[in-house]
Amino acid sequence: MLDFAIFAVTFFMMLVGAVIYLMPSSRKATSVPGLDPTTKEDGNLSDIGRAGSLHEFLLDLHGRFGDIASFWMGRQLVISIASPELFKQHQNNLKHVVTQSSTLCYTVFMFIGNINTICIQVADNLVKTLENKVKEEHLSLNQYMIAYAFKTVMNSLYGDAMDDEKDIIAMRGHYDIMWSEMEKRIADPTVPEDGSPRAISLNLALKEMRKIVQNIIDFRKKNGKKSEDYLLIDRIVEHMKTEDGIFSEILTFLIGGFHTAGNLLTWAVYFLATHEEVEKKLLKEIKNVLGDDDISADNYDQLKYTKQIIDETMRCAVVAPWAARYQDFDSELGGHKIPKKTPVIHALGVSLQDERQWPQPKIFDPERFNEENIKKRPHLAFSPFGFAGRRVCPGRKFAYLESAICLVSLFRRFKFHLVEGQVVQPVFGLVTHSEDDIWVTVSKRK
Ligand code: HEM
């Protein structure tokens, strides 16, 4: 066992600002080029606010100072890295580190055998819903895609214990409050005062969420579980020692799995609706590989172009713009000393938009991910799920599978048309979403 520990601060759970703001001042000089604090108290927080988001701030920071750059969040020095070479170095630095919290989620998703069936069921229901909407005008793409992602994660976690639509809607409401609180704290890390409307609403959401989760755990315990019906929640309950541990593990999965995949799918359908030649190639692949069959373990790996679309969507839309680590040992990056307790941001989105690896990075082109082009790039240039240590995204296989099932189910039956006159603007929060809903109409394929 190593005698140091690391906090892997996941991009959505970390509440970077809040943690950093409360930490003691660390004004140690660094040789890493970067910004001086604009004010003593806030560091460069106001610059981040002016940039619009941490991702946009990092794009500018790295444009000015290079692949490794420093800035100040409150009184805390922060280092950001944005190249495959530096990613590799940090990966090596963290190779032998034991994470402080559970490593359960790293492996657990690989054990769930029935995800395929669950996603196909949810996708079939979505197709049925959309069949009744063909005549309607303006459907919110975000709403349908996010609902699909929510249901697939919920059903995979909880199975039939979460069948009640009322519970799902309630859970979604509580979750939305928590998510919006996290997004607010990235922009302004001040923790809302006890008794303030924000604090009351957050505490209530947490309490209600906890009740629902407890009911599910009780249901699973009471009804037992068969091996073919082994769910993520069963594994979490078996492995976590405390109720708090169970609850936070479940929340992490919900948070990790739902906005990411929902927005990924929203952007994918948007790109497909606006790139007819890509849509044609997708339809050809569906016909050649699947015919009228569902996706299964036998044919999934042959859906190469579908996977290219998913990869290019994650890159072009920058679905998850950054991750971070906060390590309690000294290290070195890019020839610079990184003192312990210095947060290191992985500017995944900056790297995904880097012209050196991705010429004309704003253009959506799945051919960037054909076999020949993949070979030309350093492996870590494409790291949309993180890259360092044991806490890279454990849901990545799940994300590809649920996305492929959704895209295949929808596109073989419908054509999506973007409602004219919209300006689609990305907002780079914890996850990149569109500023306003993206409105589409659907028509049935012959
Ligand atoms: C669209 C796809 C997704 C993207 C782009 C994405 C991206 C990421 C990234 C960047 C991280 C942080 C990694 C790091 O700190 O190094 C992460 C963590 C995580 N993701 Fe994903 N993710 C996606 C889908 C999912 C899904 C579908 C699930 C689960 C169903 C999931 C569950 C998690 C969890 C639980 C963590 C935290 C891991 C930990 O801290 O140990 N993600 N994800």
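Residues numbered from 1 in each chain as written. Predicted model: local features only at pLDDT ≥ 70, side-chain atom pairs only at ≥ 80, totals over all residues. Heavy atoms only, no water.

1. Looking at unusual backbone geometry
If a residue is not glycine, its phi is most likely negative; likewise, a peptide bond is most likely trans.
Then, in step 1: One non-glycine residue with positive phi stands out, namely V318, at about 50 degrees.
Then, in step 2: Summarising the element assignment, V318 is placed in the loop between α13 (304–317) and β5 (323–327). (Helix = DSSP H or I, 4+ residues; strand = E, 2+ residues; numbered from the N terminus.)

2. Re helix α6 (residues 115–131)
Then, in step 1: Look at α6: 24 Å from first C-alpha to last across 17 residues, which is about the 24 Å you get at 1.5 Å a residue.
Then, in step 2: Turning to α6, its buried residues number three or more, namely I115, N116, I118, C119, I120, V122, A123, L126, V127 and L130. (Expected span 1.5 Å × (residues − 1). Buried < 20%, exposed > 50% of the residue type's maximum accessible area, 1.4 Å probe, protein only.)

3. Some details on the UniProt feature "transmembrane region" (unreviewed entry) in the protein
Then, in step 1: As recorded in UniProt, the feature "transmembrane region" (unreviewed entry) lies at residues 6–23 and 250–273.
Then, in step 2: Between the C-alpha atoms that bound residues 250–273 the distance is 34 Å, and the span itself is 100% helix and 0% strand. (UniProt positions renumbered as here; feature names shortened; annotations may be inferred.)

4. A look at the packing of aromatic side chains
Then, in step 1: The tally for this structure, following the rule as stated, stands at 15 aromatic pairs.
Then, in step 2: Ring centres 6.2 Å apart and planes at 20 degrees place the aromatic pair Y175 and W179 in the stacked group. Residue Y175 and its partner W179 are both found in helix α8 (residues 165–187); the two are separated by four residues, about one turn of the helix. As far as the burial class goes, Y175 and W179 line up, both buried.
Then, in step 3: Through pairs of rings, three or more aromatic residues link up here, namely F150, Y175, W179 and F258. (Phe/Tyr/Trp six-rings, centres within 6.5 Å; stacked < 30°, edge-to-face > 60°.)

5. Comments concerning the UniProt feature "binding site: heme" (unreviewed entry) in the protein
Then, in step 1: Mapped onto this numbering, the UniProt entry annotates "binding site: heme" (unreviewed entry) at C393.
Then, in step 2: Tracing the backbone shows C393 in the loop between α15 (371–376) and α16 (396–411).

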